[in-house]
Amino acid sequence: MLKKFLPDEFVKDIFHITPEKLLENGIKGIITDLDNTLVAWDQPLATPEIINWLKGMQDANILVTIVSNNNDLRVKAFSEPLGIPFIAKARKPLNHAFTRALKTMNIKNDEVVVIGDQLLTDILGGNRRGLHTILVVPVASSDAAITKFNRRLERRIMSNLKRRGLITWEE
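Residues numbered from 1 in each chain as written. Predicted model: local features only at pLDDT ≥ 70, side-chain atom pairs only at ≥ 80, totals over all residues. Heavy atoms only, no water.

Report on unusual backbone geometry, specifying residues and quantitative values.
Peptide bonds are mostly trans, and most non-glycine residues show a negative phi. Omega for the bond connecting Lys92 with Pro93 falls within 30 degrees of zero, at 20°, which places this linkage in the cis form. Mapped onto the elements, Pro93 comes out in the loop between strand E4 (86-87) and helix H4 (96-105). With a phi angle near 60°, Arg91 is a residue other than glycine that sits in the positive phi range. With respect to the helices, strands and loops of the structure, Arg91 is situated in the loop between E4 and H4. Here Asn106, not a glycine, exhibits a phi torsion of approximately 60°, which is positive. Within the fold, Asn106 resides in the loop between H4 and strand E5 (112-116). (Helix = DSSP H or I, 4+ residues; strand = E, 2+ residues; numbered from the N terminus.)

Structure follows, in structure tokens:
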């Protein structure tokens, strides 16, 4: 059960995920979290760096869908100006939103990566659905109230994974 929380990859931030590397691995789509993955949870709009990263993916014909547990207003306000499809109130780690994103992008499990900053939502959800998962360091050191609770659990899970020798990266 503990392995369900283990990401396939760990990177410092999304900027370490390049279109070239994704294409090399047959990836055609990205399902990404929003808050503390792309921007800080309390930052309403995309930064110029995020806009450039998304444009790089678009130029490489890599589809991107934002899947967030946050509300429609928050996710729509971020996604619509960028023309990025989104699913709000996703209820991650449940499968429904991941399945819906795959269907919308019309791609298979082995053609997508899930990117997120939380083990309990993004990584667990992607792993449960059989998708390649990439954990990123949270963009901000602060979190919304519910996420603070999740982070405490995540620290315990990470410690357990490390103790069992399952984590192969430096924190």
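Provide a residue-level description of the environment of Val113, including the pertinent values.
Within the secondary structure, Val113 sits in strand E5. Note on Val113: relative accessible area 2%, which makes it buried. Sequence-wise, Val113 and Arg128 are 15 residues apart; in three dimensions their C-alpha atoms are separated by 13 Å. If near-sequence neighbours (up to four positions away) are discounted, Val113 is found in contact with Leu22, Ile27, Gly29, Ile30, Ile31, His132 and Ile134. (Buried < 20%, exposed > 50% of the residue type's maximum accessible area, 1.4 Å probe, protein only. Contact = heavy atoms within 4.5 Å.)

Please set out the sheet that holds strand E2 (residues 29-32) residue by residue, giving values where relevant.
Across the sheet, which stays open at both edges, the 6 strands sit in the order E1-E6-E5-E2-E3-E4 with parallel pairing between neighbours. Each end of this open sheet is capped by a strand with a single partner; those strands are strand E1 (9-11) and E4. One ladder, built from 4 bridges, connects E2 with strand E3 (residues 63-67); its direction is parallel. Looking at E3, one finds that Gly29 is bridged to Leu63. This element, helix H5 (residues 119-128), spans E5 and strand E6 (132-136) of the sheet and lies at about 165° to E6. (Pairing = 2+ DSSP bridges. Axes fitted to C-alpha atoms, helices over the stretch in contact; angles between N-to-C directions.)

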